[in-house]
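Overview (structure and organization)
Single-letter residue listing:
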Amino acid sequence: MDPDLQGKVALAVDCSGHEGAVLKGCRIVRRMGEVVLVGVPWRHLTAHDVLNPVFFNHVTLRSGWEWELPMHGRSFQWEELLGGYNNALHSIFSGFSRALEWLTEGKIPLDGLVRSTSPDNPARLYADIMARHIDEPFIVLDWAGLTSSP
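Below or above, wherever it landed, is the structure these notes cover. Nothing here was measured: the structure is a model prediction, and the numbers come from that model. Sequence order as written defines the numbering, with residues in each chain counted from 1. With the structure being a predicted model, the display of local features is reserved for residues of pLDDT at least 70 and the display and counting of side-chain atom pairs for 80 or more, all residues being used for whole-chain, interface and lining totals. Side-chain measures were taken over the full set of non-hydrogen atoms in the model, leaving aside hydrogen atoms and water.

**Comments concerning the sheet that holds strand β1 (residues 9–14)**
This is how the line gets drawn: DSSP calls a pair of strands paired once it identifies at least 2 bridges connecting them. By definition, any uninterrupted DSSP run of H or I lasting at least four residues is a helix, any uninterrupted run of E lasting at least two residues is a strand, and each is numbered from the N terminus. Geometry is summarised by axes, namely lines fitted to C-alpha atoms with helices restricted to the contacting stretch, and by angles between N-to-C directions that run from 0 to 180 degrees. Two residues qualify as a contact provided that any one of their heavy atoms is within 4.5 Å of a heavy atom in the partner residue.
Spatially, three strands are ordered β1-β2-β3 in an open sheet, and the strand pairing comes out parallel. Of all the strands in the sheet, the pair left with one neighbour each is β1 and β3 (60–63). Each strand axis lies, on average, 15° off the axis of its neighbour in the sheet, ignoring direction. With five bridges connecting them, β1 and strand β2 (residues 29–37) associate as parallel partners. Across the sheet, residue Val13 finds its bridge partner in β2, namely Val36. Seen against the sheet, helix α1 (residues 19–28) touches β1, β2 and β3 and runs at an angle of roughly 155° to β2.

**Observations regarding the packing of aromatic side chains**
For clarity, the threshold we go by: Stacked, tilted and edge-to-face are the three classes applied to pairs of Phe, Tyr and Trp rings, where Trp contributes its six-membered ring and a pair requires centres within 6.5 Å; stacked means planes under 30 degrees apart, edge-to-face means over 60, and tilted covers the rest. When accessible area is computed with a 1.4 Å probe and restricted to protein chains, residues below 20% of their type maximum are described as buried, those above 50% as exposed, and intermediate ones as partly exposed.
A full pass over the atoms with the stated rule returns two aromatic pairs. Taking the centre distance of 5.1 Å and the plane angle of 85° together, the rings of Phe55 and Phe56 count as edge-to-face. Ring plane angle 75° and centroid distance 6.0 Å describe the contact between Phe93 and Phe96, whose orientation is recorded as edge-to-face. Of this pair, Phe93 and Phe96 both sit in helix α3 (residues 92–104), three residues apart, roughly one helical turn. Residue Phe93 is classed as partly exposed on the basis of its relative accessible area of 38%.

**Digging into the pattern of salt bridges**
For the record, the criterion: Every case where a carboxyl oxygen of Asp or Glu lies within 4 Å of a side-chain nitrogen of Lys or Arg is listed as a salt bridge.
What the rule picks out here adds up to four salt bridges. For Lys107, the salt bridge identified is with Glu105, shortest N-O distance 3.1 Å. Its relative accessible area of 48% is what places Glu105 among the partly exposed residues. Between Arg124 and Asp128 there is a salt bridge, with the nearest N and O atoms lying 2.4 Å from each other. Placement of both Arg124 and Asp128 in helix α4 (residues 122–130) is noted, with a separation of four residues, approximately one turn of the helix. Owing to a relative accessible area of 45%, Arg124 belongs among the partly exposed residues under this scheme.

**Observations concerning the pairing of strand β4 (residues 114–117)**
Put simply, the rule is: For a crossover, the right-handed case is the one in which the path from the first strand over the helix to the second runs clockwise, viewed with the strands pointing away from the viewer.
Pairing geometry for β4 and strand β5 (residues 138–141), over four bridges, is parallel. Bridge pairing in β5 links Thr117 to Leu141. Taking the sense of rotation as the criterion, the β-α-β connection linking β4, α4 and β5 turns out right-handed.

Spelled out as structure tokens, the structure:
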């Protein structure tokens with residue numbers, strides 16, 4: 001809950017299903033902001049805890065689904081009107097492509113967010129994750145140092 005962001009966020013998307021994340025999303029969005037629930041809620045949360053910031057911040061709270069976005073975008077084609085069509089400029093794959101370009105170009109600051117590690121000992125890695133020994137929220141398996149054996 002960065003105080004500099006409080007009330008300045010237009011959209012919060014929760015993919016974790018964690019009720020605390022949903023509640024924080026409802027509290028940080030600006031007035032008339034939107035919180036989309038993509039993750040499955042697994043634990044019980046009192047409705048008042050969520051409804052209070054939703055009501056007082058005029059939050060639009062809705063469920064969502066990542067597959068609402070088309071897999072591939074394509075141009076508008078009249079022939080497809082009867083069978084349904086997708087003329088969206090962006091798609092799941094164009095989003096992946098854009099994200100990878102931004103990462104490659106260094107447009108997304110990653111300091112403190114990524115732990116790069118070798119995949120040579122997955123049991124140790126999973127143990128470290130479960131024990132919360134890794135502070136970074138993202139883990140990248142670096143395969144460059146491994147050689148394949150015949």
